[in-house]
Structures are given as structure tokens and as C-alpha cells.
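Residue-level listing of the chains:
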Amino acid sequence: MKETSLVNRSELNALRVERKTGDENFLSADTKLSVTLADFWRWSVSDLVSNATRGILAEFIVANALQLDAGARTEWDAYDLKLSDGTKIEIKSAAYCQSWTQNNLSQIRFTIRPTYGWESSTNLSSTELIRQAHIYVFCLLKHQEKKTVNPLDLDQWVFYLVQAKELNERFPSQKSIGLSGLLKLEPLVLKYGELASSILDMAKKIVKE
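To keep things clear, this report deals only with the structure shown in the data block. (Residues numbered from 1 in each chain as written. Predicted model: local features only at pLDDT ≥ 70, side-chain atom pairs only at ≥ 80, totals over all residues. Heavy atoms only, no water.)

### Considerations on the overall build of the protein chain
As a reminder of what qualifies: Numbering of helices and strands runs from the N terminus, with a helix taken as a DSSP run of H or I at least four residues long and a strand as a DSSP run of E at least two residues long. Buried means the residue's accessible area, taken with a 1.4 Å probe over protein chains only, is under 20% of the maximum for its type, while exposed means over 50%, and partly exposed covers the values in between. Residues are treated as being in contact if the distance between any of their heavy atoms lies within 4.5 Å.
Across its full length, the protein chain holds 5 helices and 11 strands. Along the first, second and third principal axes, the C-alpha set of the protein chain runs to 60 × 45 × 40 Å. Taken over 209 residues, the protein chain has a buried fraction of 38%. In the protein chain, the share of contacts with a sequence separation of at least 24, taken over all contacts with a separation of at least 6, comes to 60%.

### Here's the deal with the sheet that holds strand E11 (residues 188-190)
Short version of the rule: Any two strands are treated as partners once DSSP identifies two or more bridges connecting them. Axis definition: a line fitted to C-alpha atoms, limited for helices to the stretch in contact. Angles are taken between N-to-C directions and run from 0 to 180 degrees.
With mixed pairing, the 5 strands of this open sheet are ordered in space as E3-E4-E8-E9-E11. Only two strands of the sheet have a single partner each, and these edge strands are strand E3 (81-82) and E11. In this fold helix H2 (residues 51-65) packs onto E3, strand E4 (88-95), strand E8 (135-141) and strand E9 (157-163), with an angle of close to 135 degrees to the strand it touches most, E4.

### What about the pairing of strand E2 (residues 31-36)?
Both faces of the sheet carry side chains from a regular strand, because those side chains alternate between them. Pairing of strand E1 (residues 25-28) with E2, which is carried by 3 bridges, proceeds in the antiparallel orientation. Directly across from serine 28, in E2, lies its bridge partner threonine 31. Turn length for the E1-E2 hairpin, with the two strands adjacent in sequence and antiparallel, is 2 residues, and the turn residue alanine 29 shows positive phi of about 55 degrees.

### A word on unusual backbone geometry
The residue glutamine 67 is not glycine, and still its phi comes out positive at about 60 degrees. Positionally, glutamine 67 belongs in the loop between H2 and E3. With a phi close to 55 degrees, glutamate 186 is a non-glycine residue in the positive phi region. Considering the arrangement of structural elements, one finds glutamate 186 in the loop between helix H4 (179-184) and E11. With a relative accessible area of 70%, glutamate 186 lands in the exposed category.

### Quick word on the environment of valine 207
Mapped onto the elements of the fold, valine 207 is located in the segment after helix H5 (192-205). A residue is classified by how much of its surface remains accessible, and valine 207, at 72% relative accessible area, is exposed. With 107 residues separating them in the primary sequence, valine 207 and tryptophan 100 have C-alpha atoms 43 Å apart.

### Quick word on H5
Those residues of H5 that fall on the buried side of the exposure criterion are Leu195, Ala196, Ser198, Ile199, Met202 and Ala203. On the buried face of H5, the contacting elements are H2, E4, E8, E9 and E11.

Here you go:
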């Protein structure tokens, strides 16, 4: 029988992640190496058009607009951002241009599936299959020329703002939505400079449960 080590539960609480600068060095044999965290960042996330990185970038863009980008991103939480009034925000992204060779521009679809929310700080999942946020921000990298696509150019993005209750009423169990279906909801269509005020205005109109 394998021996199981006993660990104090408090020692397994969620990590408190401190914001890094990029200057942190890798270590080997207690010696600092010349390679830094910034080198890793350059190696791993320079392709801002890739699906995974673009999704995180979209979260940052919205967080930055709302001045909620001071800390560090939490992976796998039930929702992406939370306002001080308790409004929960889910951020989804899509793009016409992809990193790989394409025969055609991509069809635009966003994930909207209900989930069993998981709380990273407690490691507990909810028992109800629902959409976890109050507001959805659909971020579309609308630029369609691969030679000049640049996700850092915020003028190449358009943002669609929808209350989750509208998705629940029209698409209660649907897992994804195309651009045409999204537009039928008559979302707010926004530029980057309009994001923060529009989200805050919408949050004021939502009754939190």
C-alpha cells in the first residue's frame, strides 16, 4: 500500500499570484540565469492572432478599459471580470484572420454555453448549469487583411455588449452563436473608447441575484 502524506489543508489554499515585471530570472542550482520571464513571454505569446492568446488579449483589453487590469489574470474562474458592484462580466473573442494558412476568412462564432461555475479560490463547482455572468462582451477582431492585422490596434476591433438574460431568453441552452444571431439581439456596438461607460451604464440597470 502506498503511503499517503498528510498535508495541512491551509497549505493547499489558492496561490496568491503577484504581478510580475518580466525581469525575473530563471534559476538553476540556486544561480540566476541570463534568461528572464520576459524572454518566455516573447517566446510564448508573440502570436497575438492565435486563438488562445487573442482570447486572453481580449480579456485584457476590456479589463484595461474598466481599469481592472492592475493585478494578475485568474485562470479558469467562472467569469472573467467583476465590477465593484458585483456585476460579473464574460468576455468572448473571434476573428476573421487566423495565424495559419486559410482558404477563406473565418466564419465568426462565439461560445455562449452555460456552465457549472467553478470558483478558483475555493475549488468548488456550482450545481446549477447556467451562464455565470451578468454581461457578455463579444470582442471581434474585425480586420480582414492578414498582412496588416494587428490586435494591438484597437481600431481593428469592434465590441458587442449584451445582457446575459437576453441570451438566456433567446438561446437558453445554445452552446455558440454566430455573428448574424448575435446581431438579431440588437447588441450595443462599440468602439474601445465607448466600452467602459457602456458597461458601467448597463451594470446599473441589472438587478443582481
